[in-house]
Amino acid sequence: MGRWRVDADTIAGSRFVVSPLAETVAALKTLHGGAGAHPGEQRWLAAALPRYRERLAADPVAAALVRTALGPRWNATFLTPVPRAAAPVSDAAALFARELTEVRATRPAVVRADLAEALGTADESALPSPLPGHGDLAGHAAALLAWVWTETVEPDWPRRRRIIEADILARTARLGTGGWAEALGDLRPGMRWLGGDGLRTGAGPDAESRELTAAELLFVPVTPTRSWLCWDVPTVDGRRARPGRRFAVVYPCSGVLADTDARRAPAALAALLGPGRAGLLALLDPPRTTSQLVALTGLPLGSVGRHLRILREAGLALRRRVGRSVLYRRTAAGQVLLDAVPPGGQAPGPAGSVGSARS
């Protein structure tokens, strides 16, 4: 059972951050696994997996590299650098490029040592062909990550970012009401906040015990259902030395956020209430704050507030204060209205006919 012993200064300075590279590595791990954890991931895989396999078929070095780097015990360290907490996220492509620079700059000897470690050996000759002796493995890895970002993540980044930001807002609110135990309780399987004893990180293969004293600890949400631990490991004479002072927990966003496609309002309901109000009504299970709804929908705060007021006045939503947070949820009447229209957007018409509406 792994445990990170975290001193008071480290936990006080810890924070949630957004990382396009972590999102891309999580997408790569999902493509490598070839299975989606929920309908949203399955739809994404159906579109992305054939193209990913074509990409690997055209680059045997990248194919061997990814099979090795995502090993049964470790992710290769160079592939999962700790994000930079101070990096802005206004330009995701620029941030991704800066994060990718660290992967691309890894020296060949360090890459090979990391890959051997991922295989659970110190013998680099055990690496599969054509990896031993290859001079630009980091370049192939960076090129593959750039492809995954450009082809499968970046086109959907605005939606992904809203989900990530909603998760951060939700956990920040839970931190304010229930402390770290409440905010971190479901980050990844086996993880638990132990108070003065720090974090129990789980029982998986990456669950080693470490001392985090005067360190930087980051929590990094991603939308794919993937999680891992990472820390910076400085190099000395081209070899990894010992863990540095920066650590991160990469974890999947809450499932009720990650699969938001399953809760889109039916088109006929959007025609009746307006797309903004119908979309909010569809998102009110589980209860959410206005900040979460702003992050999930991309609507301005004022618009969300007006729509919620109208839904409340119509008896379709209720407001309740929980600690410092104000949560909105659907009423029974709101649920009946949402259930009355099939998800495909068609509502039963009179005398057995079928009516339709466009949003």
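If you're wondering where the values come from, they're calculated on a predicted model, not measured in any experiment.

**What to know about helix 6 (residues 108–118)**
Within helix 6, burial applies to Val110, Val111, Arg112, Asp114, Leu115, Ala116 and Ala118. On its buried side, helix 6 packs onto helix 4 (60–69), helix 7 (137–153), strand 8 (235–236) and strand 9 (239–240). In the segment just after helix 6, Gly120 is the residue with positive phi, at about 85°.

**Brief notes about the pattern of salt bridges**
In the structure shown here, the tally under the stated rule is 13 salt bridges. Across the salt bridge formed by Glu211 and Arg5, the nearest N and O atoms sit 3.7 Å from each other. Of this pair, Glu211 sits in strand 5 (residues 210–212) while Arg5 sits in strand 1 (residues 2–6); the two residues are 206 residues apart in sequence, bridging distant segments of the chain. Residues Glu313 and Arg309 are paired through a salt bridge, measuring 3.4 Å at the closest nitrogen-oxygen approach. One end of the pair is Glu313 and the other is Arg309, both in helix 13 (residues 301–313) and 4 residues apart, which spans about a single turn. Taken together, the shared-partner salt bridges in this structure form one network comprising Glu23, Asp156, Arg159 and Arg160.

**What about the nonpolar core?**
Ranked by internal contacts, the top residues of the largest apolar core, which has 101 residues, are Trp4 and Phe219. In terms of residue count, the dominant contributor to this core is helix 7 (10 residues). In this structure, Phe219 is in contact with Ser14, Arg15, Phe16, Val17, Trp180, Leu184, Leu187, Leu199, Val249 and Tyr251, ignoring residues within four places of it in sequence.

Calculation notes
Residues numbered from 1 in each chain as written. Predicted model: local features only at pLDDT ≥ 70, side-chain atom pairs only at ≥ 80, totals over all residues. Heavy atoms only, no water. Buried < 20%, exposed > 50% of the residue type's maximum accessible area, 1.4 Å probe, protein only. Helix = DSSP H or I, 4+ residues; strand = E, 2+ residues; numbered from the N terminus. Contact = heavy atoms within 4.5 Å. Salt bridge = Lys/Arg side-chain N within 4 Å of Asp/Glu carboxyl O. Core = buried A, V, L, I, M, F, W, Y, C linked by side-chain atoms within 4.5 Å.

Just distances and angles here, no functional claims.
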